[in-house]
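What follows is each chain in one-letter form.
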Amino acid sequence: MATITAKDVQELRAATDASMMDCKNALVEAGGDQNKAIEILQRKYRGKMGTTTERQTGEGRIAVYLNDARKVGGMIELRCETAPVAKNEVFVALANKMARAVADHTEAAPTPEAILEMKCADGRMLADQLVEVYGKLREQMKLVRCRRITGEYLASYVHHDGKSGVVVALDRRPASEAVAVDLCQHALFTKPLAIDRAGVPAAEVDRVRKTARDVATEEKKPPQIIEKIVEGKVNAFLTEKALMEQEHVKPDYESQRVKDVLKAAGVNAVTDLVIMKVGG
């Protein structure tokens, strides 16, 4: 039987951040082999993760990665159980790795399972790293959403609490990068349903149209006036919910519409828009 020293236990703890007792037991089972002990701990934590799936994962973090050229990005929602863990540097680092893996993928919306099977630069699968982080923080974690974004120029913004974020793709680099970041912050505040009017879901437009017609009819408006009222309500709705039509919320732009702010910065179009909120 191999002799397990305090130094051996400390080395394994430094590598895994597992408890002293778990490290000692794993080393005993592995006959003192550090690599085998790490595998034993991974299996142990993976098994425990399976028994905690009923816990609520209502907290979490939105993470974003953009490549140096600002043409490819990844965005994810990683959930956990408590707010302190969502802010823990180990959890944040894992979320950032996942966002980068999404950017390295080939699909626009890869499944969480596909991302967890990917390997990072160190050659380790994300699924194994998720297990290791669970071993350190002892909370259920779940990769919920993944989105890959491409374009001629990408910009992003993640709120300071990490619970919401935006990525936009523009048809060209703006004259000022601040314009792109401001656009992200604007979109996070207004939460548009689409980039332009054509993209607003028809079901939403039909709902507004029906409600406006029902109200005007109940108020016994003349038939020729009802249609004008209905179209006025629909137009107002589209202006409110289509990003390019919205009035910019930043006071610096003096109530200009988003499309006019972008045009002044040399941008003709927003080609993609992704908004994520933890639990949203």
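Look up a bit, the structure's there.
Nothing here was measured: the structure is a model prediction, and the numbers come from that model.

(A) Spatial organisation of the nonpolar core. By size, the foremost hydrophobic cluster in this structure holds 24 residues, and its most contacted members are Ile76, Leu78, Met98, Ile115, Leu126 and Leu143. The set of elements that each furnish at least two residues to this core consists of strand 2 (72-80), helix 4 (83-87), helix 5 (89-104), helix 6 (112-116), helix 7 (126-137) and strand 3 (142-150). Top element by residues in this core is helix 5. It accounts for seven residues. In contact with Ile115, other than residues within four places in its own chain, are Met98, Ala101, Val102, His105, Pro110, Leu126, Leu143 and Cys146.

(B) Local environment of the packing of helix 9 (residues 202-218) against helix 10 (residues 223-241). Remark: helix 9 packs on helix 10, axes separated minimally by 9 Å, with the N-to-C direction vectors making an angle of 145°. By crossing handedness, the relation of helix 9 to helix 10 is classed as right-handed. Facing helix 9, whose interface residues are Glu204, Val205, Arg207, Val208, Arg209, Ala212, Arg213, Ala216 and Thr217, helix 10 presents Ile226, Glu227, Ile229, Val230, Glu231, Lys233, Val234, Phe237 and Leu238. Taken together, the residues of the contact of helix 9 with helix 10 break down into ten nonpolar, one polar and seven charged.

(C) Quick look at the pairing of strand 4 (residues 153-158). Alignment of strand 4 against strand 5 (residues 164-170), held across six bridges, turns out to be antiparallel. Looking across to strand 5, one finds that Ser156 is bridged to Val167. Between strand 4 and strand 5, which follow one another and run antiparallel, lie five residues, and Gly162 among them has a positive phi close to 75°.

Parameters at a glance
Residues numbered from 1 in each chain as written. Predicted model: local features only at pLDDT ≥ 70, side-chain atom pairs only at ≥ 80, totals over all residues. Heavy atoms only, no water. Core = buried A, V, L, I, M, F, W, Y, C linked by side-chain atoms within 4.5 Å. Buried < 20%, exposed > 50% of the residue type's maximum accessible area, 1.4 Å probe, protein only. Helix = DSSP H or I, 4+ residues; strand = E, 2+ residues; numbered from the N terminus. Contact = heavy atoms within 4.5 Å. Axes fitted to C-alpha atoms, helices over the stretch in contact; angles between N-to-C directions. Left-handed = near helix turned anticlockwise from the far one by under 90°. Nonpolar A, V, L, I, M, F, W, Y, C, P; charged D, E, K, R; others polar. Pairing = 2+ DSSP bridges.

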